[in-house]
Amino acid sequence: GMNDQQSPSISYNQTLDEIMVCWEDFINGTDFDIYCSKIDGTTLTVQETVDLCVYSGNQKTPDVYATLDGTYLFAWEDSRGGVTTDLYYQSMTNGMFDFVDNGIELCNAQFNQFNPKIDIYSETDNSYIIYWDDMRSSGKEDLKNIYAQSVTIVGSDCVSMDLNNDGIVNVIDIVSLVNVVLGTEPPTEMQLCTGDVNGDGVLNVIDIVNIV
């Protein structure tokens, strides 16, 4: 592409027999975004381009990891919040992002967080660890520490937007979600799984609009 493409990260997905490559890209000539490409594991041809994070500010140093069940985990540096860099996170299952487009905050502590890496934590639990360099302890001197966050991939039988579990998405599911959002009881795990369409961890009017 035009301008710089740099800092690539690569992971082989044994479940899907494909390779995911991610990199920081200055193609727009203004700031760095993060793009990825899926590559067929047999033919080594590019099958699909993924816009992992195309947002204001710089997104840099991506890391990608293919999990045991075929889910992809992504982490990167992101300066959308100001001068210093925070860390953002995304995951992809069956070709679809599990969280909102452009990712969610992994760490927004004071000063810079940078150089995220992902690795296996527990094969038994399908758990992974994201670790990074962190400058939050800096004062008169720059102090670099190592912080980490774990993530566990949990399988689910729920179907997004199908709140009444009848195999189709229709007005009944909309009514069901409205009742959950307006109700006083906290949502069940299944309601949260099926109703949280935008993947932000809460059920609200935005999820209702998405279903509509």
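In the block above lies the structure referred to throughout.
Residues numbered from 1 in each chain as written. Predicted model: local features only at pLDDT ≥ 70, side-chain atom pairs only at ≥ 80, totals over all residues. Heavy atoms only, no water.

Caption draft 1: Quick peek at the pattern of salt bridges. Evaluation of the coordinates by the stated rule reveals 3 salt bridges. Two residues, arginine 136 and aspartate 134, come together in a salt bridge whose shortest N-O distance is 2.9 Å. (Salt bridge = Lys/Arg side-chain N within 4 Å of Asp/Glu carboxyl O.)

Caption draft 2: Just the side chain of aspartate 133, in detail. As for its placement among the helices and strands, aspartate 133 is situated in strand β11 (residues 127-134). Buried aspartate 133, no salt bridge; nearest opposite-charge side chain is lysine 144, N-O distance 4.5 Å. If we ignore the near neighbours within four places in the chain, the residues touching aspartate 133 are Asn112, Gln113, Phe114, Asn115, Lys144, Asn145 and Ile146. (Helix = DSSP H or I, 4+ residues; strand = E, 2+ residues; numbered from the N terminus. Buried < 20%, exposed > 50% of the residue type's maximum accessible area, 1.4 Å probe, protein only. Lys, Arg positive; Asp, Glu negative; His and termini not counted. Contact = heavy atoms within 4.5 Å.)

Caption draft 3: Here's a closer look at the packing of aromatic side chains. The final tally for this structure, using the stated rule, is 5 aromatic pairs. Seen from the ring of phenylalanine 32, lysine 60 lies directly overhead, with NZ or CZ sitting 4.7 Å from the centre. Residue placement shows arginine 80 over the ring face of tyrosine 55; its charged tip is 4.1 Å from the ring centre. (Phe/Tyr/Trp six-rings, centres within 6.5 Å; stacked < 30°, edge-to-face > 60°. Lys NZ or Arg CZ within 6 Å of the ring centre and 35° of its normal.)

Caption draft 4: Just the state of the cysteines, in detail. As enumerated under the stated definition, the model contains 1 disulfide in all. Bridging cysteine 22 to cysteine 36, the disulfide has an S-S length of 2.1 Å. Given an S-S torsion of about 105°, the disulfide between cysteine 22 and cysteine 36 has right-handed geometry. Pair noted here: cysteine 22 is in strand β2 (residues 18-25) and cysteine 36 is in strand β3 (residues 33-40), with a separation of 14 residues, a long-range link. Looking at cysteine 22, the relative accessible area reads 1%, which means it is buried. On the basis of relative accessibility, which here comes to 0%, the residue cysteine 36 falls in the buried class. Summary of cysteine pairing: cysteine 53 is not part of a disulfide, and the nearest cysteine sulfur, belonging to cysteine 36, is at 10 Å. Cysteine cysteine 107 shares no disulfide, and the gap to the nearest cysteine sulfur, in cysteine 53, comes to 16 Å. On the basis of relative accessibility, which here comes to 9%, the residue cysteine 107 falls in the buried class. (Disulfide = S-S within 2.5 Å.)

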